[in-house]
Amino acid sequence: MAGRINDDDVKAVRDAVPIDAVVSEYLQLRNAGGGNLKGLCPFHDEKSPSFQVSPSKGLFHCFGCQEGGDTIAFVMKIDHLSFSETVERLAAQAGITLRYEEGGYNPTHQRGERIRLVEAHKIAAQFYVEQLDGAEAETGRTFLAERGFDQAAAQHFGVGYSPAGWDHLTRYLRGKGFSDKELLLSGLSQEGRRGPIDRFRGRLMWPIRDITGEVVGFGARKLREDDNGPKYLNTPETAIYKKSQVLYGIDLAKKEIARTSRAVVVEGYTDVMACHLAGVTTAIATCGTAFGGDHIKILRRLLMDNATAEVIFTFDGDAAGQKAALRAFEDDQKFAAETSIAITPGGMDPCDLRLAQGDDSVLKLVESRTPLFEFAIRQMVTRHNLETPAGRAAALDEAAPVVAAIKNIAIQHESAVQLAGILGILDTQFVVKRVAQLARWARERGGAGGRGPGGPGQDRRPRAYEAPAAPQAPSGPALNLRSPAHRTERELLKLALQHPGLVSPAFDAYGIDEFTAPPYAAVRRTIMEAGGAEAGAEDTPGYLARVRDTAPDDSVRALVTELAVEAVHARTVDEVYAGEQLVQVRLRAVDRRVADVQGTLARLGTGADPERYTAVANELWVLQQYGRALRNQGAAAL
């Protein structure tokens, strides 16, 4: 049975690994103000960034889907790991040795399955690299050299060689402590007549890495005539490898993709290598599958859907390449980025082009791109007889919706004029009006046509309040952020979590009933049970961790995270602003109590017990005086 990781070690891991460094391995982050960062949420499909990271607090929160938590929670969620697997991975990154309770630590049995599979692939990748230098791998080295790749290029991309024997890697990994079950689960071995044998034998090997740089699979190229397998053989679907969710080269290209807001999609491993070596360092490729929705999500998180972002597809000019380009166009509307296509000359792929004409030819190929919608239109109209009125009308009916779906209105208009020319329709305005009409209908239906600069399907309804609604607590109604009381209570709780030193010790004297929204009252109780805001003045990250750990359920914990990450609505967050929020929350509580006491006094009437009546009247007088002092003196009266 696996031992429990020591609590102090968990805290050490949480403190040692900056959350922004971890999150930025998966998506591009930009300044959100107030020390926070923002990006497109990796947990749901969104059009504008609502995912925020607070490096100073070690927390993230998405104001769209309400996912939130610390570094450990982020990695658990995005990589589908258990708590212990996540801590072990982060500890390895930080160089922290973990201590285990209840029986100590056995590396063979206590590492999580995913961690073990990743370790097996890491060792296998190094094993294959070492084999590439051997005599048997001469054919592999020749293959690379014939395509313009020297030893340095092979090392840069981690290219290796799998020996032709039945079980070289299998026996090697067994010697490293991996069980037969783990080898089969990893996809590195397969079941043979007498037990596991190597899946890849006598092939050139490309390690496939996820966006964080971990090896999760391999692509293997056939080299020998007696190899009856397919030309390219990939790792099968495993717990760590899903071909629809990985992009070859993304680990090398991600920073440049984020910096330049451009990605170049090619078709193979050697094409990625050729592009990078030629200076196109944003090149990536799919791994034995068509470019699809999950690949788009990976790129959108890096491109951040800004107005100048661009995705360039490169395809051969043959029929198969044209078919692939049209298939890519079907997904065009899932991008906020502009999409283009670069057709390689003479049926050559980028690798062949570089070999034949040099690095500059690859750069020129990318720069000679054509908008994907223009390519698609020209392919569509070739199916019709443009010599006849009926053929031109049919072509217009097919192509006009494509032009109507172009995001940029100016380009849409220009493309409509261009479409008229392609079709040979002399009445240009007829085509322009037809496209505009289709775009308007699509907008009215909430369709993809006429997307604005904010991205596909952007919601343009006015918002009553810029802060997003918090998750509903089971104990009360949904928050009404139009309510001044709720807005102020929210601000005060944000201050108590983010800047506890500004509101303590006054905040700790506030009663739970001073927060009228049940979810906010639950957060106030949680802060109190975690030791109060005064305890967080010295160590805010540790204080936040205690508050989150003290939360009675996931709903309250999520709201704590949200309030800890959401920006405070003030240009200057200081004692003056904090005092204003303290006063407003207390003053509203006093006014509510005054109203209650006035009602009690009215119900008692003049015939009531004199002692009881006097006591209630005195309470009313004290409350009214306190309220007056709060209005006149502000925080000094607290």
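Residues numbered from 1 in each chain as written. Predicted model: local features only at pLDDT ≥ 70, side-chain atom pairs only at ≥ 80, totals over all residues. Heavy atoms only, no water.

**Structural notes on the overall build of the protein**
Part 1 of the reasoning: When helices and strands are counted, the protein shows 27 helices and 18 strands.
Part 2 of the reasoning: In the protein, which comprises 638 residues, the proportion classed as buried is 50%.
Part 3 of the reasoning: About 29100 Å² of surface is accessible on the protein, with carbon and sulfur atoms providing 50% of the total. (Helix = DSSP H or I, 4+ residues; strand = E, 2+ residues; numbered from the N terminus. Buried < 20%, exposed > 50% of the residue type's maximum accessible area, 1.4 Å probe, protein only. Areas by Shrake-Rupley, 256 points an atom, 1.4 Å probe, with all protein chains shown as cover.)

**Quick look at the packing of helix α23 (residues 518-529) against helix α24 (residues 540-550)**
Part 1 of the reasoning: Running from N to C, α23 and α24 point in directions that differ by 120°, and their axes come no closer than 9 Å. As α23 runs across α24, the sense of the crossing is right-handed. On α24, the residues that touch Thr 526, Ile 527 and Glu 529 of α23 are Tyr 543, Val 547 and Thr 550.
Part 2 of the reasoning: Of the residues belonging to the contact of α23 with α24, the class tally is three nonpolar, two polar and one charged. (Axes fitted to C-alpha atoms, helices over the stretch in contact; angles between N-to-C directions. Left-handed = near helix turned anticlockwise from the far one by under 90°. Contact = heavy atoms within 4.5 Å. Nonpolar A, V, L, I, M, F, W, Y, C, P; charged D, E, K, R; others polar.)

**Some remarks on the packing of aromatic side chains**
Part 1 of the reasoning: Tallying each qualifying case throughout the model produces 18 aromatic pairs.
Part 2 of the reasoning: Aromatic side chains Phe 51 and Phe 60 sit 5.5 Å apart centroid to centroid with 25° between the ring planes, which places their arrangement in the stacked category. Grouping residues by exposure puts Phe 51 and Phe 60 together as buried.
Part 3 of the reasoning: One residue, Arg 116, lies across the ring of Phe 178, its end atom 4.2 Å from the ring centre.
Part 4 of the reasoning: Positioned above the aromatic ring of Tyr 510 is the side chain of Arg 586, whose terminal nitrogen or guanidinium carbon lies 4.0 Å from the ring centre. (Phe/Tyr/Trp six-rings, centres within 6.5 Å; stacked < 30°, edge-to-face > 60°. Lys NZ or Arg CZ within 6 Å of the ring centre and 35° of its normal.)

**Some points on empty space enclosed by the protein**
Part 1 of the reasoning: A full pass over the atoms with the stated rule returns one cavity of 30 Å³ or more.
Part 2 of the reasoning: By volume, the largest cavity amounts to about 30 Å³.
Part 3 of the reasoning: Taken together, Phe 373, Glu 374, Ile 377, Ser 415, Gln 418, Leu 419 and Ile 422 make up the lining of the largest cavity.
Part 4 of the reasoning: Elements that contribute at least two residues to the lining of the largest cavity include exactly α17 (372-381) and α19 (409-423).
Part 5 of the reasoning: With four residues, α19 is the single largest residue contributor to the lining of the largest cavity.
Part 6 of the reasoning: When its residues are assigned to classes, the lining of the largest cavity shows four nonpolar, two polar and one charged. (1 Å grid on protein atoms, 1.4 Å probe; cavity = no way out; pocket = protein on both sides within 12 Å on 5 of 7 lines; lining within 4 Å. Points joined across faces, edges and corners; volume = space filled by probe spheres on them.)

**Concerning the sheet that holds strand β5 (residues 59-62)**
Part 1 of the reasoning: Across the sheet, which stays open at both edges, the five strands sit in the order β2-β3-β4-β5-β6 with antiparallel pairing between neighbours. The two strands at the open ends of the sheet, each matched to only one other strand, are β2 (30-33) and β6 (68-70). Neighbour-to-neighbour, the strand axes of the sheet open up by a mean angle of 25°, direction not taken into account.
Part 2 of the reasoning: Relative to strand β3 (residues 36-39), β2 runs antiparallel, the two sharing three bridges. Looking at the pairing, Asn 31 lines up with Leu 37 of β3.
Part 3 of the reasoning: In the packing of helix α3 (residues 71-79) onto the sheet, contacts are made with β4 (51-54), β5 and β6, and the angle to β6 comes to roughly 120°. (Pairing = 2+ DSSP bridges.)

**A look at the confidence of the model for the protein**
Part 1 of the reasoning: For the protein, the average pLDDT comes to 85, and 89% of its residues sit at 70 or higher.
Part 2 of the reasoning: Below a pLDDT of 50 lies the segment residues 447-478, which in the model reaches 67 contacts outside its immediate sequence neighbourhood of four places, other chains included. (pLDDT = per-residue confidence, 0-100.)

**Side note on the pattern of salt bridges**
Part 1 of the reasoning: Applying the stated criterion across every chain, the model contains 37 salt bridges.
Part 2 of the reasoning: The shortest N-O distance in the salt bridge between Asp 167 and Arg 171 comes to 3.1 Å.
Part 3 of the reasoning: On the accessibility criterion, Arg 171 (44% relative accessible area) is partly exposed.
Part 4 of the reasoning: Between Arg 174 and Asp 180 there is a salt bridge; the shortest N-O distance is 2.8 Å.
Part 5 of the reasoning: One continuous salt-bridge network, built from bridges that share partners, spans Asp 79, Arg 89, Arg 114, Asp 210 and Glu 214. (Salt bridge = Lys/Arg side-chain N within 4 Å of Asp/Glu carboxyl O.)

**Some points on the sheet that holds strand β12 (residues 215-222)**
Part 1 of the reasoning: Taken together, the four strands give an open sheet; going across it, the order is β8-β11-β12-β13, and neighbouring strands pair in antiparallel fashion. Looking along the sheet, the strands with just one partner apiece sit at the ends: β8 (160-162) and β13 (232-234). When strand polarity is set aside, the average angle formed by the axes of neighbouring strands in this sheet is 35°.
Part 2 of the reasoning: Pairing between strand β11 (residues 203-209) and β12: seven bridges, direction antiparallel. Bridging from a neighbouring strand, Leu 204 pairs with Arg 221 of β12.
Part 3 of the reasoning: Lying over the sheet, helix α12 (residues 269-278) contacts β11, β12 and β13, oriented at roughly 70° with respect to β11.

**Brief notes about helix α18 (residues 389-404)**
Part 1 of the reasoning: Given a rise of 1.5 Å per residue, 16 residues ought to cover 22 Å, and the 22 Å separating the end C-alpha atoms of α18 matches this to within 8%.
Part 2 of the reasoning: Along its length, α18 reaches its greatest deviation from straightness, about 30°, at Glu 398, and the proline Pro 401 lies no more than four positions downstream.
Part 3 of the reasoning: For α18, the full list of buried residues reads Gly 391, Ala 395, Leu 396, Ala 399, Ala 400, Val 402, Val 403 and Ala 404. (Expected span 1.5 Å × (residues − 1). Bend = angle between axes of the 7 residues up to and from the residue.)

**Considerations on the packing of α18 against helix α20 (residues 428-445)**
Part 1 of the reasoning: Put simply, α18 and α20 touch, their axes get as near as 8 Å, and they point 60° apart. With respect to each other, α18 and α20 are oriented oblique. Classified by chirality, the crossing of α20 by α18 is right-handed. Each of Leu 396, Asp 397, Ala 400, Pro 401, Val 403 and Ala 404 in α18 lies in contact with α20, whose residues at this interface are Phe 430, Val 431, Arg 434, Val 435, Leu 438 and Ala 439.
Part 2 of the reasoning: Grouping the amino acids of the contact of α18 with α20 by side-chain chemistry returns 10 nonpolar, no polar and two charged. (Parallel < 35°, antiparallel > 145°, perpendicular 65-115°, else oblique.)

**Considerations on the nonpolar core**
Part 1 of the reasoning: The biggest cluster of nonpolar side chains holds 50 residues, and the ones touching the most others in it are Phe 51, Phe 74, Ile 250, Ile 257 and Leu 299.
Part 2 of the reasoning: Examining the composition of this core, we find that five residues originate from one element, helix α13 (residues 293-303), more than from any other.
Part 3 of the reasoning: Grouped together as the second largest cluster of nonpolar side chains are 40 residues, Phe 143, Ala 285, Cys 287 and Val 366 included. (Core = buried A, V, L, I, M, F, W, Y, C linked by side-chain atoms within 4.5 Å.)

**Here's the deal with the pairing of strand β10 (residues 195-198)**
Part 1 of the reasoning: By the bridge criterion, four bridges tie strand β9 (residues 189-192) to β10 in an arrangement that is antiparallel. Across the sheet, the residue bridging to Ser 189 is Asp 198, located in β10.
Part 2 of the reasoning: Adjacent in sequence and paired antiparallel, β9 and β10 are bridged by two residues.

**Describing α23**
Part 1 of the reasoning: Under the 1.5 Å per step criterion, the end-to-end length of α23 is 16 Å for 12 residues, consistent within 8% with the ideal 16 Å.
Part 2 of the reasoning: Where α23 is concerned, the buried positions are Pro 519, Tyr 520, Ala 521, Ala 522, Val 523, Arg 524, Thr 526 and Ile 527.
Part 3 of the reasoning: Buried residues along α23 sit in contact with α21 (484-498), α24 and α25 (554-565).
Part 4 of the reasoning: Positioned one or two residues after α23, Gly 531 has a phi angle of 110°, which is positive.

**Concerning unusual backbone geometry**
Part 1 of the reasoning: The amide bond that connects Ser 504 to the next residue, Pro 505, takes the cis arrangement and shows omega of 0°.
Part 2 of the reasoning: Turning to its location among the elements, Pro 505 is positioned in the loop between α22 (500-503) and α23.
Part 3 of the reasoning: One non-glycine residue, Gln 66, lies in the positive phi region at around 75°.
Part 4 of the reasoning: By secondary structure assignment, the location of Gln 66 is in the loop between β5 and β6.
Part 5 of the reasoning: Overall, the relative accessible area of 21% leaves Gln 66 in the partly exposed class.
Part 6 of the reasoning: With a phi close to 55°, Ser 261 is a non-glycine residue in the positive phi region.
Part 7 of the reasoning: Relative to the elements of secondary structure, Ser 261 occurs in the loop between α11 (250-260) and β14 (262-266).
Part 8 of the reasoning: The exposure class of Ser 261 is buried, given its relative accessible area of 7%.

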